[in-house]
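Residue-level structural notes
Below are the chains, spelled out letter by letter.
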Amino acid sequence: MKKILFATSEAVPFIKTGGLADVAGSLPKYFDKENYEVRVMLPKYMCIKEEWRSKLEYVTHFYMDWNWRSEYVGVLRLEHEGVTFYFIDNEGYFNGFAPYGEIFGDVEKFAFFSKAVLSTLPLIDYRPDIIHCHDWQTGLVPVYLDNFRYGNEFFRGIKTVMTIHNLKFQGTWDTKRIKDMTGLPEYYFVPDKLEAYKDANYLKGGIVYADRVTTVSNTYAEEIKTPFYGEKLDGLMNARSNCLSGIVNGLDYTDWDPETDPRIEKNFSIKNFRKEKVKNKVALQRELGLAEDPKRMMIGIVSRLTDQKGFDLIAYIMDELCQDEVQIVALGTGAEQYENMFRHFAWKYPDKVSANIYYSDPMSHKIYASCDAFLMPSLFEPCGLSQLMSLRYGTLPIVRETGGLKDTVEPYNEYEKTGTGFSFTNYNAHEMLNTIRYAEQIYYDKKRDWNKMVERAMEKDFSWNNSARQYEELYDSLLGY
Ligand code: ADP
Ligand code: GLC
């Protein structure tokens, strides 16, 4: 049995701010259980819902050398859908309404978490063969492991994988402060190790010290070797390119299933979507106070409202787009300027635009199920899960050709009758608008072709099956199988 431990800052169903939670929470279920046992370790945030917190069982606690003092580390556990989840407890660090706050606090919180992950292992008598780290929050795990190996037999031979879900966030802070707080020796704080541009950089540490580095699509794995996408680490990505690969994300197909989804008005399948899917649209129009019209093309957006996702393009053409026969339903929170942008257009075009500025899992399901198209014009996109959810629910993605969007959405070709969505190349608002209008034209004038495309979209398999096999191969190669 190969033992793998995921170290992550979020995982569904416990805590989620974005796609990382979907991946870390669902991928472990899809490994071949005969040969791989994957467990997950995450912080026990106060903001985890009480329904979960009350189910956690106490395992042990200890005091860890930390920041010139001795700090409490509690360990709890829960078996969920066949996977063991460990929760690292420390009320001082993991309080608050959200997993993340100001960066100066977060760097301390996640350095603590990373050291605690390793320190816990001998005490619970669990020695994984591989620790699989996710994003900057766990970037110090491979670094601490390197440090712990000296003089401690237990840690020798444990391998690490670092998965980059988003290179933009690196966890950087003043070197002196990080050195002081983490207790890591001077030796690590140089430009070919933890340091980048004079600061300490957690993700860089992870990338330098992990045995393998992966990211969440092939295209993004290539893109991050260039200055435009490399977030100032493109040199490092090139240097590590022989250990770097892309494995595209999958979806939890049991959770995201239009045939059984209890959160949507009317279930549907590839066989009956022509009649049934639209009932979701009408119900949503009613719920959100939009004009009730089953024929009107509805475009959905479910997203963190940040620059990454292309909202400056959307803001630029919203007025023009609202002259068309479309409805736009947005769900998201984030940058105030984009929250207000959607509120403004919802006020200006009340029967066409619905701005839902909050976080809601059930509402996201309703939007994926109800809309005809889904808009995701990202500036960059390591993988993206929203377009996969849309495909699964027969909602055709309109995307920019970048990262995982390029790898998962095949653009419509009206001559060959192929494709599962619409895409454009340049980060340009009118190129996007033209693509949306092209989609409108197919929707209104070539409904048969549109429906064929929906069929192809729903037929695509983006379950974890393929990608979990690729992770298994990666683990095998690391362990010398
Ligand atoms: P990222 O991780 O960059 O935010 P992804 O497309 O990989 O982008 O994943 C985003 C996930 O978060 C999807 O599951 C999406 O449905 C969900 N999501 C984003 N915003 C909201 C929201 N306001 N309410 C509910 N779910 C949301
Ligand atoms: C990040 C990326 C997103 C990806 C997700 C899960 O948040 O922005 O593209 O799908 O991680 O890997």
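Residues numbered from 1 in each chain as written. Chains lettered and ligands numbered in written order. Predicted model: local features only at pLDDT ≥ 70, side-chain atom pairs only at ≥ 80, totals over all residues. Heavy atoms only, no water.

Some words on the overall build of the protein chain
Secondary structure summary: the protein chain contains 17 helices and 18 strands in total. For 481 residues, the compact-globule estimate of 2.2 N^0.38 gives 23 Å, and the protein chain sits close to it at 23 Å. Projecting the C-alpha coordinates of the protein chain onto the three principal axes gives extents of approximately 70 × 45 × 45 Å. Summarising the internal contacts of the protein chain: among those between residues at least 6 apart in sequence, 72% fall at separations of at least 24. Element-wise, carbon and sulfur atoms account for 49% of the exposed surface of the protein chain, whose accessible area totals about 19400 Å². Between the averaged position of the 58 positive side-chain charges in the protein chain and that of its 70 negative side-chain charges there is a distance of 2 Å. (Helix = DSSP H or I, 4+ residues; strand = E, 2+ residues; numbered from the N terminus. Rg over C-alpha atoms; globule rule 2.2 N^0.38 Å. Contact = heavy atoms within 4.5 Å. Areas by Shrake-Rupley, 256 points an atom, 1.4 Å probe, with all protein chains shown as cover. Lys, Arg positive; Asp, Glu negative; His and termini not counted. Charge placed at Lys NZ, Arg CZ, Asp CG, Glu CD.)

Observations concerning the site of ligand 2
For ligand 2, the set of nearby residues contains 14 residues, the closest of which are H165, N249, E381, C383 and G384. Within the side chain of N249, one N or O atom sits 2.8 Å away from an oxygen atom of ligand 2. At 2.7 Å from an oxygen atom of ligand 2 is found a main-chain nitrogen or oxygen belonging to G384. Across the complex, the protein chains shield 93% of the 310 Å² of accessible surface that ligand 2 would expose by itself. (Near = heavy atom within 4 Å. Polar contact = N/O pair within 3.5 Å; in protein donor to acceptor, adjacent residues only side chain to side chain.)

Here we look at the sheet that holds strand β5 (residues 83-89)
Within the open sheet, the 9 strands sit side by side as β3-β4-β5-β2-β1-β6-β7-β11-β12. Their pairing is mixed. Either end of the sheet is taken by a strand with one partner, and the two such strands are β3 (57-66) and β12 (244-246). Across the sheet, the mean angle separating the axes of adjacent strands is 25° when strand polarity is ignored. Packing against the sheet, helix α6 (residues 202-209) makes contact with β7 (159-164) and β11 (212-215), and its axis sits at approximately 135° to β7. (Pairing = 2+ DSSP bridges. Axes fitted to C-alpha atoms, helices over the stretch in contact; angles between N-to-C directions.)

Side note on the nonpolar core
Judged by nonpolar contacts, the single largest core of 161 residues is most densely connected at I207, F342 and W450. Per element, the largest residue contribution to this core is 9 residues, and it comes from helix α3 (residues 103-123). Here this core spans two domains, and each of domain 1 (2-250 + 465-479) and domain 2 (273-461) adds at least three residues to it. Residues contacting W450, with those up to four places away along its chain left out, are M297, D372, A373, L396, F422, A439, I442 and Y443. (Core = buried A, V, L, I, M, F, W, Y, C linked by side-chain atoms within 4.5 Å. Buried < 20%, exposed > 50% of the residue type's maximum accessible area, 1.4 Å probe, protein only. Domains from an automatic or database assignment.)

Points about the packing of aromatic side chains
One pass over the full model with this rule turns up 36 aromatic pairs. On the numbers, 6.2 Å between centres and 40° between planes, the contact of F104 with W173 is tilted. Of this pair, F104 sits in helix α3 while W173 sits in strand β8 (residues 172-174), placing them 69 residues apart in sequence. The class for W173 is partly exposed, based on a relative accessible area of 28%. Both rings, one in F422 and one in W450, keep their centres 5.8 Å apart while their planes meet at 25°; by these two values the pair is stacked. One end of the pair, F422, is in strand β18 (residues 422-424); the other, W450, is in helix α16 (residues 447-459), and 28 residues separate them in sequence. Like W450, F422 is buried. Linked through ring pairs, Y45, W66, Y93, F94, F112 and F113 together constitute an aromatic cluster. The ring of Y481 has K2 lying over it, and the distance from NZ or CZ to the ring centre is 4.2 Å. (Phe/Tyr/Trp six-rings, centres within 6.5 Å; stacked < 30°, edge-to-face > 60°. Lys NZ or Arg CZ within 6 Å of the ring centre and 35° of its normal.)

Thoughts on the pairing of β11
Regular strands place their side chains on alternate faces of the sheet. The pairing of β7 with β11 spans 4 bridges and is parallel. Across the sheet, residue T163 finds its bridge partner in β11, namely T214. As judged from the 3 bridges shared by β11 and β12, these two strands associate in the parallel manner. Bridge pairing in β12 places V213 opposite L244.

Here we look at the environment of Y471
By the element assignment, Y471 lies in helix α17 (residues 465-479). Take Y471: its relative accessible area is 1%, and that puts it in the buried class. Other than its neighbours up to four places away in sequence, Y471 contacts L27, F31, H132, T163, T214, I247 and W464.

Focus on the sheet that holds strand β10 (residues 199-201)
Strand order across the open sheet formed by 3 strands is β8-β10-β9, with antiparallel pairing between neighbours. Only two strands of the sheet have a single partner each, and these edge strands are β8 and β9 (195-196). Both β8 and β10 contribute to a ladder of 3 bridges, which runs antiparallel. In the strand pairing of β10, W173 is matched with A200. Packing of α6 onto the sheet brings it into contact with β9 and β10, and relative to β10 it is tilted by some 55°.

Examining the domain arrangement of the protein chain
Split by domain assignment, the protein chain resolves into domain 1 (2-250 + 465-479) and domain 2 (273-461). With centres defined by C-alpha atoms, the gap from domain 1 to domain 2 works out at 33 Å. With 22 residues of domain 1 in contact, the opposing surface of domain 2 contributes 19 residues. Here domain 1 and domain 2 share 0 salt bridges between them. Viewed at the interface, domain 2 and domain 1 are joined by 9 residue pairs in polar contact (both at pLDDT 80 or more). Counting residues per element, the ones that place at least two in the side of domain 1 that touches domain 2 are α1 (19-26) and α7 (218-223). At 4 residues, α7 tops the list of elements feeding residues into the side of domain 1 that touches domain 2. (Salt bridge = Lys/Arg side-chain N within 4 Å of Asp/Glu carboxyl O.)

What about unusual backbone geometry?
Put simply, V12 and P13 share a cis peptide bond, and its omega is 0°. By the secondary structure assignment, P13 is in the loop between β1 (2-7) and α1. Residue K198 is not a glycine yet carries a positive backbone phi of 75°. Mapped onto the fold, K198 is located in the loop between β9 and β10. Taking relative accessible area as the criterion, K198 reaches 69% and is therefore assigned exposed.

Some points on the environment of E195
By the secondary structure assignment, E195 is in strand β9. When the C-alpha positions of E195 and M41 are compared, they lie 26 Å apart, and in sequence the two are 154 residues distant. Setting aside anything within four residues of it in sequence, one finds E195 in contact with T175, Y188, F189, V190 and K204.

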